[in-house]
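# Chain and residue survey
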Amino acid sequence: MTDETQPRFAAERHERLLRLLRERGAMPLQALALELAASEATVRRDLRTLEARGLLARSRGGAVPVAGLAHEPTQRDKAAVAVAEKAAIAEAAAALVGPDDAIVIGPGTTTRQLAVRLAAVPGLTVITTSLAVAEALADSRTAQVVLTGGALRGPIRALVGAEAERLLGTVRVRHAFLSGNGLTAGRGLSTPHLAVASVDRAIAAAAEHPVVLADHTKIGADALFQTVPAGRIAHLFTDAAADAAELAALGEAGVTVHRAGP
């Protein structure tokens, strides 16, 4: 019997696994294995055990907490996850933006990192629903920032509702940058909140080339409401730990996949 399968170690791992799912919502198997420092086979056994107890539900390639498809992590929750990976993703995605560009940026901790890296781009116009993105660009001497207006969705510091969607409906840009809570080849990008999903669809519709920024914890995960189908996503920027099979399936759906970092 290895340490991984001894009852004491298994119980500690189960507790941590359930805490991860409560904090982050849906997570793919590979991300759980990395966080738990356990083999994928061990985590797969854990998921079967915990599902049998009614403590989680297995999804394609991962797991969600009970009612976890509707879980919406806060901005603070997400800011502590995959910090280095998000920085590398933002750095890579910034290469799509040049002088005098106009872009749309949606809410998220990775999209905020992108905004930080765009603050010095000359002549840039950024339309955004995100208070965090606007704040990151507030001191820029070269960027013009347009906030859509709308009702504040406090947990993610973003504007939602008809006013936001109306303004986005008047916009046409080459690139729009979105995050989200889950991304699979089958359903595309997804989010737990209906109003956020509706605005994310409007962001994608405003762009010739929708771009998704998603670290490995989101690849293979799923949330309640679909926002952008995989076939509509032009580019995905993710990190080296993302599930290879899911990335291959996204590539087959027409997504250009970029892996940032080592």
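Residues numbered from 1 in each chain as written. Predicted model: local features only at pLDDT ≥ 70, side-chain atom pairs only at ≥ 80, totals over all residues. Heavy atoms only, no water.

## Details of the sheet that holds strand S10 (residues 182–184)
In spatial order, the strands read S10-S11-S13; together these 3 strands make up an open sheet with antiparallel pairing. Looking at which strands have only one partner, the edges of the open sheet turn out to be S10 and strand S13 (225–228). Ignoring strand direction, the axes of neighbouring strands in this sheet form an average angle of 35°. Sheet topology places strand S11 (residues 188–191) next to S13; 3 bridges connect them, and they run antiparallel. Following the sheet pairing, Ser190 is matched in S13 by Gln226. Contacting S11 and S13, helix H9 (residues 194–205) crosses the sheet at an angle of about 15° to S13. (Pairing = 2+ DSSP bridges. Helix = DSSP H or I, 4+ residues; strand = E, 2+ residues; numbered from the N terminus. Axes fitted to C-alpha atoms, helices over the stretch in contact; angles between N-to-C directions. Contact = heavy atoms within 4.5 Å.)

## Remarks on the pattern of salt bridges
Applying the stated criterion across every chain, the model contains 6 salt bridges. As a salt-bridge pair, Arg13 and Asp46 come within 2.5 Å of each other at their nearest N and O atoms. Separated by 33 residues along the polypeptide, Arg13 in helix H1 (residues 7–24) and Asp46 in helix H3 (residues 40–52) bring together distant segments of the chain. Look at Arg13 and you get buried, because its relative accessible area is 9%. According to the relative accessible area criterion, Asp46 is buried, its value standing at 4%. The salt bridge partner of Asp101 is Arg174, with a shortest N-O separation of 3.4 Å. Of this pair, Asp101 sits in the loop between helix H5 (83–93) and strand S4 (102–105) while Arg174 sits in strand S9 (residues 173–178), and the two are 73 residues apart along the sequence. (Salt bridge = Lys/Arg side-chain N within 4 Å of Asp/Glu carboxyl O. Buried < 20%, exposed > 50% of the residue type's maximum accessible area, 1.4 Å probe, protein only.)

## As for the pairing of strand S15 (residues 256–260)
Judged from the 5 bridges that link them, strand S14 (residues 235–239) and S15 form a sheet pairing that is parallel. The residue of S15 that forms the bridge with Phe237 is His258. Handedness of the crossover is the feature at issue here: the chain leaves S14, passes through helix H10 (residues 244–252), returns alongside S15, and the resulting connection is right-handed. (Right-handed = clockwise from strand over helix to strand, strands pointing away.)

## Comments concerning empty space enclosed by the protein
The gaps left among the atoms become clear once a water-sized probe is rolled over them. Under the definition given, this model contains 3 cavities of 30 Å³ or more. Considering only enclosed or pocket space, the second largest cavity measures out at about 90 Å³ in volume. What lines the second largest cavity is a set of 11 residues, and nearest its centre among them are Lys78, Pro107, Gly180, Asn181 and Val196. The residue makeup of the lining of the second largest cavity, split by class, is 3 nonpolar, 5 polar and 3 charged. (1 Å grid on protein atoms, 1.4 Å probe; cavity = no way out; pocket = protein on both sides within 12 Å on 5 of 7 lines; lining within 4 Å. Points joined across faces, edges and corners; volume = space filled by probe spheres on them. Nonpolar A, V, L, I, M, F, W, Y, C, P; charged D, E, K, R; others polar.)

## Considering the sheet that holds strand S3 (residues 62–65)
Pairing between sheet strands relies on hydrogen bonds along the backbone, with the strands arranged either parallel or antiparallel. The strand order across the open sheet formed by 3 strands is S1-S3-S2, and the pairing between neighbours is antiparallel. Strands with a single pairing partner mark the edges of an open sheet, and in this sheet they are strand S1 (27–28) and strand S2 (56–59). With 4 bridges connecting them, S2 and S3 associate as antiparallel partners. The partner of Ala57 across the bridge, within S3, is Val64.

## Considering the pairing of S9
With respect to burial, S9 is a largely interior element, 5 of its 6 residues being buried. As paired strands, S4 and S9 are joined by 3 bridges and run parallel to one another. Residue pairing across strands places Ile105 opposite Phe177, the latter belonging to S9. Pairing between S9 and strand S12 (residues 207–213): 5 bridges, direction parallel. Opposite Val173, over in S12, you have Ala207 as the bridge partner.

## What about the packing of helix H2 (residues 29–36) against H3?
In helix packing, the relevant descriptors are the interaxial angle and the interaxial distance, both defined with respect to the helix axes. Across the interface, H2 lies against H3 with an axial gap of 9 Å and an inter-helix angle of 105°. Judged on the interaxial angle alone, H3 and H2 are roughly perpendicular. On the side of H2, the interface is formed by Leu29, Gln30, Leu32, Ala33 and Leu36, while H3 contributes Glu40, Val43, Arg44 and Leu47. (Parallel < 35°, antiparallel > 145°, perpendicular 65-115°, else oblique.)

## Points about the nonpolar core
As a rule of thumb, nonpolar side chains are buried together in soluble globular proteins. Ranked by size, the top nonpolar core spans 31 residues in total, and within it Val104, Leu183 and Leu236 carry the most contacts. Within the residue set of this core, elements represented by two or more residues are strand S8 (158–160), helix H8 (162–168), S9, H9, S12 and H10. With 5 residues, the single largest contributor to this core is H9. Beyond its immediate sequence surroundings of up to four residues, Leu236 is in contact with Leu183, Val212, Ala214, Ile219, Leu247, Leu250, Val255, Thr256, Val257 and His258. Counting 23 residues, the second-largest nonpolar core is a separate cluster that includes Ala90, Leu114, Val133 and Ala260. (Core = buried A, V, L, I, M, F, W, Y, C linked by side-chain atoms within 4.5 Å.)

As far as function goes, none of this settles anything; it's purely spatial.
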